[in-house]
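# Coordinate inspection notes
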Amino acid sequence: MTFPLLPLLAPCNIASTPDLSVVGHTLIGPVSTSQDVATVKDYISANFGLVEFSVQVTSAIDIDDIISLLDTGADAVFPETDEQAIALFEIGIPGSRVVFPGEDYDDVKGVYVTSSALTPDLASKLSKSVLADGTGSQKLYVTFSATPTLEQVKKITALPAIPIIPAEALTTDPAATDKLSVAAVFSSALTTDRPDGYFSTVVVDTQGVALGLVYSSEESIAQAIKARAGVYQSRKRGLWFKGATSGAVQTLVRLELDCDGDCVKFVVQQAGKGFCHLDTTTCFGKSGGMPALERTLVSRLENAPAGSYTRRLFSDEKLLSAKIMEEAEELTTAKSKDEIAWEFADLLYFGMTKAVEAGVSWADVERNLDSKAKKITRRKGDAKQKWIDAAKKAAETPEKPAPNTESTSSSAIVNGAVKQADNRESTGRIQLTRVDVSDISESELTELLRRPAQKNANIMNLVGPIVEAVRTRGDVALLEFTAKFEKAKLKSPVLKAPFPPELMELDQETKDAIDLSFENVLKFHAGQLESAPLVVETVPGVVCSRFSRPIESVGLYVPGGTAILPSTALMLGVPALVAGCKNIVFASPPRSDGTLTPEVVYVAHKVGAAAIVLAGGAQAVAAMAYGTESVPKVNKILGPGNQFVTAAKMLVQNDTSALVSIDMPAGPSEVLVVADKKANPAFVASDLLSQAEHGVDSQVILIGVDLNEAELQAIEDEVHEQAMRLPRVEIVRGAIAHSRTFQVKTVEQAIALSNKYAPEHLILQLESASKYVDLVQHAGSVFVGAWSPESCGDYSSGTNHTLPTYGYATVYSGVNTHSFMKHLTSQELTPEGLKKIGGAVVRLATVEGLDAHGNAVRVRLEHLAK
Ligand SMILES: NC(=O)c1ccc[n+]([C@@H]2O[C@H](COP(=O)([O-])OP(=O)(O)OC[C@H]3O[C@@H](n4cnc5c(N)ncnc54)[C@H](O)[C@@H]3O)[C@@H](O)[C@H]2O)c1
Ligand SMILES: N[C@H](CO)Cc1c[nH]c[nH+]1
């Protein structure tokens, strides 16, 4: 409920009236001349948003002027007569903008009557019908022929109705006796059932965010209105002037009551660290959304270091304008809900940056929105010709791969490039963003090293139902998802061995390449097998050993989204074969005609796979984790994939009913190249591009060691020129948009930075590169020297290419022979061995209160002692 008082301001002395904005709404009137209309419109425009304005119009005012008052921001008009009000409805002015004179009228903002006409019967009828309309928004207003006494006012507020009282008869000073106290009117509508007589009070900021809960008394409310400040009633310490000691004071903006008058709402502007004694903005912790963004940007405007990206955004008008246009354009092309939310958030970010730089607050923006919402007359809303033409052109342009949304938001908060090329324009230069590490703070560096965030923040919400459907509906669900995502209509989701030869027909060159790679991967992974169990005699007579066993049944995921990767079939199938897994199951998305690429079938055949699941994504993972009517359940799922595959692997691993483990999170490919002055720019660029072409979510990083401008430029030229010749140039463009070049001074600095990033692949294009391998702590796989391109590891050298991404190289190894095995331990004790350690066992069992444990040794020792 609003403040139970509507001050009436006369247009002629509108500028000199006392400040009663704490009431939250004001009636201006009577407006009876066009001069009054002009004055009132100016006043509303200048003060819009501070309070809600209504205007009392006489019959002399024509409809066009009334519309212009509403368009300017008047919340409602109070017409003088029924006829005038009905004329407004007839031309389409909504009832919600009209307070009807006289008896009740449906669907209006409220009705108003004079107190002399308000007989007890009418009062009862009006207050019931107006307030019981169910909307809670219709109000009964009462005018007086002379200034009412507080007692008369109380009768009105008790109805409940809102008294209209001339502003000059009101005061915010509770000590003044010649006028009606605003605080007394407010308190007249309050009730409480608290034994101490105080009123529960919610404190909110101007955005409506709840800051905390306090208590008020009539006295504290009077003091708050007088001081225009947060003054409350402490239950222990009496009157409480908020912030008097901490400095976290409040400006009181507005007071309101709740629907039944037993709770007060203080709307305040909070200064200092925040409302809570714990120095947080609210007693409920931090608040997010636009207010939080605004706070961050305001503090960045004050504190962002020179040279940082944020500082550049604030000071480089052209850059900021370009980002705003870029984000607006991306919003126009966004399709899915997630994309739209993402792009809109980016646009708000850069828009808010512009606002903060210009001293415009979010509250100003909201006020502007509210003012536009008040307009009765709608503009036609056509776009300017230049944008109509642009939209037409965009609609005619073939769709590009999804823009990588992360690049914009992360680049927005961190130090930017000397040259930040627009990689998204298909004609633009393809270039990594340069960052000079000496120019940025540690926290900015951490921010810059972050991977592009997954576009679907809520990926689990997408994947969960897919996994559940396959778990509960088996093959039927699996086939449905394959039809949906792969556009392949299959009869059976599984191809069982022996695989028909016609499904693995290959040209000799491809076969030879696979065979060569197969042999090398086999050699390297066989080399990892333990030649014999580990046997250690810890004390004489106590022999401990450890030996391995293959995991019986493994599910190997071979990606097939943007590219089909038979090499991944090799990298997973060969170690499974070497480890001796009994049941090898592959899964890979089929082509739309329902077939698989013959190379994958050939590899599956070579490693002795039992079946290939013709499905991809989360549904393939779920099928292997739980099993279906035709897909055999496996014990462990291995293999890389996109975000759906990775999320599904994580999900099934956590479901104890699936009893399945996974290798690691192996997501979008990445590479980090460390290059010194001796590095060949063409080699460096080719390595970067080899991973950038995997997907727009891939990320490639170059760390240049003491490179001068010409040396950096040479690499950048190579990146652009080589990229433009690639068939997957548009994917590369997307990946490079969030890829970076870091400039450092020494190799040690470079490797420290690489350890912090923990890349999937690390390439050392350095003079005497092998000297530096010892410094490497975190990387999936290391490629040493100019002649070791990463793609050799992808296919043929022998190492495995299924490697941890996203910084998981800090804790995970890449796939290896042991990923397909588990270790068991065993022990064998002689009587002497038992005697040697038996005492310790008995003692520790006693300490733990586990007597049966101790007895198992004790009975034997007693037996030996006989
Ligand atoms: N880390 C490593 O070791 C390594 C190795 C090889 C490949 N990779 C990476 O693996 C990834 C392979 O990804 P990919 O997309 O090309 O193939 P993928 O097989 O992993 O994913 C494709 C499948 O995702 C599913 N899918 C697509 N859109 C979906 C949606 N909107 N909702 C639900 N499911 C959906 C479909 O079933 C589709 O078949 C690449 O990022 C690549 O870089 C990593
Ligand atoms: N580079 C990928 C691992 O991130 C593996 C791969 C397969 N084919 C080509 N490359």
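In this text, all values refer to a predicted model and were calculated from it rather than measured experimentally.

Another aspect to go through is the packing of helix H20 (residues 617-626) against helix H21 (residues 643-653). Running from N to C, H20 and H21 cross one another at 25°; their axes reach a closest spacing of 7 Å. By the angle between their axes, H20 is roughly parallel relative to H21. The crossing of H20 and H21 is right-handed. Here H20 contributes Gly617, Ala618, Val621, Ala625 and Tyr626 to the contact with H21, which in turn contributes Phe644, Val645, Ala648, Lys649 and Val652. Taken together, the residues that form the contact of H20 with H21 break down as eight nonpolar, one polar and one charged.

In this section: the site of ligand 1. In the region of ligand 1, 28 residues are neighbours, and Glu486, Tyr557, Thr562, Asn642 and Ser669 sit closest. About the coverage of ligand 1: the protein hides 86% of its 870 Å² of free accessible area. When residues of the shell around ligand 1 are traced back to their parent elements, those giving at least two are helix H16 (459-486), H20 and H21. With three residues, H16 is the largest single contributor of residues to the shell around ligand 1.

What follows deals with the sheet that holds strand E19 (residues 534-539). The sheet built from three strands is open, its strands ordered E19-E20-E31 with antiparallel pairing. The sheet is open, and its two edges are formed by E19 and strand E31 (821-829), each paired on a single side. Strand-to-strand twist of the sheet, defined as the mean angle between neighbouring strand axes without regard to direction, takes the value 25°. The pairing of E19 with strand E20 (residues 542-550) spans five bridges and is antiparallel. Across the sheet, Glu537 pairs through a bridge with Val543, a residue of E20. Strand contacts of helix H27 (residues 831-847): E19, E20 and E31, with the helix running at about 95° to E31, the strand carrying the most contacts.

Turning next to the domain arrangement of the protein chain. For the protein chain, the assigned domains are domain 1 (6-168), domain 2 (199-270), domain 3 (400-452 + 668-798), domain 4 (459-662) and domain 5 (830-865). Just the C-alpha atoms count here: the centres of domain 4 and domain 5 sit 47 Å apart. At the interface, four residues of domain 4 touch four residues of domain 5. For the domain 4 and domain 5 pair, buried surface summed over both sides reaches about 300 Å², with 70% attributable to carbon and sulfur atoms. For the domain 4 face of the interface with domain 5, the top three residues by lost area are Pro540, Gly541 and Val542, together amounting to 81%. For the pair domain 4 and domain 5, the number of links is zero salt bridges. The tally of links between domain 4 and domain 5 comes to one residue pair in polar contact (both at pLDDT 80 or more). Its residues placed into classes, the side of domain 4 that touches domain 5 shows three nonpolar, one polar and no charged.

Of the consecutive residues Gly29 and Pro30, the connecting peptide bond is found in the cis state with omega at -5°. Looking at where Pro30 falls in the secondary structure, it is placed in strand E2 (residues 25-31). In this structure, the amide linkage connecting Ala497 to the following residue, Pro498, adopts the cis form with an omega of 0°. Structurally, Pro498 is set in the loop between strand E18 (494-496) and helix H17 (508-526). The phi torsion at Arg228 lies on the positive side, around 50°, for a residue other than glycine. With respect to the helices and strands, Arg228 occurs in the loop between helix H7 (218-227) and strand E13 (231-234). Of note, the phi angle at Ala758 is positive, near 55°, even though the residue is not glycine. Mapped onto the elements, Ala758 comes out in the loop between helix H25 (747-757) and strand E29 (761-765).

The set of residues buried in helix H3 (residues 82-90) consists of Gln84, Ala85, Leu88 and Phe89. Along the axis of H3, the buried residues cluster in a sector spanning 145°; they form a single face. Away from its buried face by more than 90 degrees, H3 exposes Glu83 and Glu90. Contacts from the buried residues of H3 go to strand E3 (52-57), helix H2 (63-72), strand E4 (76-79) and strand E5 (99-101).

The subject of this paragraph is the UniProt feature "domain: Phosphoribosyl-AMP cyclohydrolase" (unreviewed entry) in the protein chain. Here, UniProt's "domain: Phosphoribosyl-AMP cyclohydrolase" (unreviewed entry) annotation points to residues 213-284. Here residues 213-284 is 14% helix and 39% strand, with 10 Å between the C-alpha atoms at its ends.

What follows concerns the pairing of strand E21 (residues 553-557). Summarising burial for E21: five of the five residues are buried, a large majority. Both faces of E21 are covered, namely the face carrying Ser553, Gly555 and Tyr557 and the face carrying Val554 and Leu556. With helix H18 (residues 566-579) bridging E21 and the parallel strand E22 (residues 583-587), this β-α-β connection has right-handed handedness. Sheet topology note: the E21/strand E24 (residues 636-638) ladder contains three bridges and is parallel. What sits directly across from Leu556, in E24, is Leu638.

Moving on: the site of ligand 2. Looking at ligand 2, the residues that line it are Leu565, Ser567, Ser669, Gln691, His694, Glu760, His761, Glu790, Asp794, Tyr795 and His801. Note that an oxygen atom of ligand 2 is positioned 2.7 Å from one of the side-chain N or O atoms of Ser669. Taking Asp794, its side chain carries an N or O atom lying 2.9 Å from a nitrogen atom of ligand 2. Taking 290 Å² as the accessible area of ligand 2 by itself, protein coverage stands at 92%. By residue number, the principal contributor to the shell around ligand 2 is helix H26 (residues 790-795), which donates three residues. Classifying every residue of the shell around ligand 2 gives two nonpolar, six polar and three charged.

Our focus in this paragraph is the nonpolar core. Judged by nonpolar contacts, the single largest core of 72 residues is most densely connected at Val55, Leu255 and Phe266. The residue makeup of this core includes at least three contributed by each of domain 1 (6-168) and domain 2 (199-270). Those residues within four positions of Leu255 in sequence are excluded, and the remaining contacts are Phe3, Val22, Val23, Phe186, Ile221, Ile225, Val264, Lys265 and Phe266. In terms of nonpolar packing, the next biggest core, distinct from the first, is built from 40 residues, Leu490, Val601, Ile612 and Phe820 among them.

Quick look at the pattern of salt bridges now. Using the criterion set out here, one finds 25 salt bridges in the structure. Between Glu52 and Lys109 there is a salt bridge, and its shortest N-O distance comes to 3.8 Å. Placement of Glu52 in strand E3 and of Lys109 in the loop between E5 and strand E6 (110-114) is noted, with a sequence separation of 57 residues between them. Judged by its relative accessible area of 33%, Glu52 falls in the partly exposed class. Residue classification places Lys109 among the buried positions, given a relative accessible area of 13%. Asp75 is paired through a salt bridge with Lys109; the nearest N and O atoms lie 2.8 Å apart. Here the residue Asp75 occupies a position in the loop between H2 and E4, and Lys109 occupies one in the loop between E5 and E6, the gap between them amounting to 34 residues. Salt bridges linked by common partners bring Glu52, Asp75, Lys109 and Lys374 together as one network.

One pass over the structure, following the stated rule, counts 11 aromatic pairs. Between the aromatic rings of Tyr43 and Phe53, the centroid separation amounts to 5.7 Å while the plane-to-plane angle is 75°, which identifies the pairing as edge-to-face. Here Tyr43, found in helix H1 (residues 34-47), pairs with Phe53, found in strand E3; they are 10 residues apart in sequence, far enough to count as distant. Relative accessible area serves as the criterion here: at 22%, Tyr43 is assigned to the partly exposed category. For Phe53, a relative accessible area of 2% gives the class buried. Look at Tyr349 and Phe350: their rings are 5.1 Å apart centre to centre, the planes differ by 85°, and that puts the pair in the edge-to-face class. According to the relative accessible area criterion, Phe350 is buried, its value standing at 0%. Each residue in the set Phe78, Tyr112 and Tyr141 is aromatic and connected to the rest through ring pairs, giving one cluster. Here Arg451 stacks its cationic end above the ring of Tyr757, 3.6 Å away from the centre of that ring. When the ring centre of Phe518 is taken as origin, the NZ or CZ atom of Lys606, which lies over that ring, is 4.5 Å away.

Rules behind the numbers
Numbering of residues begins from 1 in every chain and follows the order in which that chain's sequence is written. To label them, take the chains in the order written and letter them from A, then take the ligands in the order written and number them from 1. Since the coordinates come from a predicted model, pLDDT governs what is reported: local features require at least 70, and pairs of side-chain atoms require 80 or more to be given and counted, while whole-chain, interface and lining totals use all residues. Derived side-chain values reflect all non-hydrogen atoms in the structure, with water molecules and hydrogen atoms excluded from consideration. Axis definition: a line fit to C-alpha positions, over the contact stretch in the case of helices; interaxial angles, taken between N-to-C directions, run 0 to 180 degrees. Helix and strand assignments follow DSSP, with helices taken as H or I runs no shorter than four residues and strands as E runs no shorter than two, numbered in order from the N terminus. Angles are sorted into four bins: roughly parallel if under 35 degrees, roughly antiparallel if over 145, roughly perpendicular if 65 to 115, and oblique for all others. Each crossing is labelled by how the near helix is turned from the far one, with a counterclockwise turn of less than a right angle marking it left-handed and a clockwise turn marking it right-handed. Contacts were defined at the residue level, with two residues in contact if any of their heavy atoms lie within 4.5 Å. Residues are grouped as follows: Ala, Val, Leu, Ile, Met, Phe, Trp, Tyr, Cys and Pro are nonpolar; Asp, Glu, Lys and Arg are charged; every other residue, Gly included, is polar. Nearness is defined per residue: one heavy atom within 4 Å of the molecule or strand is enough. Every accessible area reported is derived by Shrake-Rupley at a probe size of 1.4 Å, with residue values counting cover from the shown protein chains alone. By definition, two strands form a pair when at least two bridges between them are found by DSSP. An automatic or database domain assignment is the source of the domain bounds shown. Accessible surface is computed with a 1.4 Å probe, and the buried area is the amount of it that two parts give up when combined, taken over both parts together. For this document, the term salt bridge refers to a Lys or Arg side-chain nitrogen within 4 Å of an Asp or Glu carboxyl oxygen. As used in this structure description, the phrase polar contact means that two N or O atoms lie within 3.5 Å; if the pair is within protein, one of them must be able to donate a hydrogen and the other to accept it, and residues adjacent in sequence are counted only when both atoms belong to side chains. Throughout this description, buried means an accessible area under 20% of the type-specific maximum (1.4 Å probe, protein chains only), exposed means over 50%, and partly exposed covers the range between. Within this analysis, the arc is defined by the directions that extend from the helix axis to the C-beta atoms. UniProt positions are given in the numbering used here, feature names are shortened, and annotations may be inferred rather than shown by experiment. When the strands point away from the viewer and the connection leading from the first strand across the helix to the second strand turns clockwise, the crossover is called right-handed. Take the buried residues of types Ala, Val, Leu, Ile, Met, Phe, Trp, Tyr and Cys, join any two whose side-chain atoms come within 4.5 Å, and each joined set is a nonpolar core. Geometry of aromatic contacts follows a simple scheme: Phe, Tyr and Trp rings, the Trp one being its six-membered ring, pair when their centres are within 6.5 Å, and the pair is stacked under 30 degrees between planes, edge-to-face over 60, tilted otherwise. Charge-over-ring contacts are defined here by two conditions on Lys NZ or Arg CZ: a distance within 6 Å of the ring centre and an angle within 35 degrees of the ring normal.

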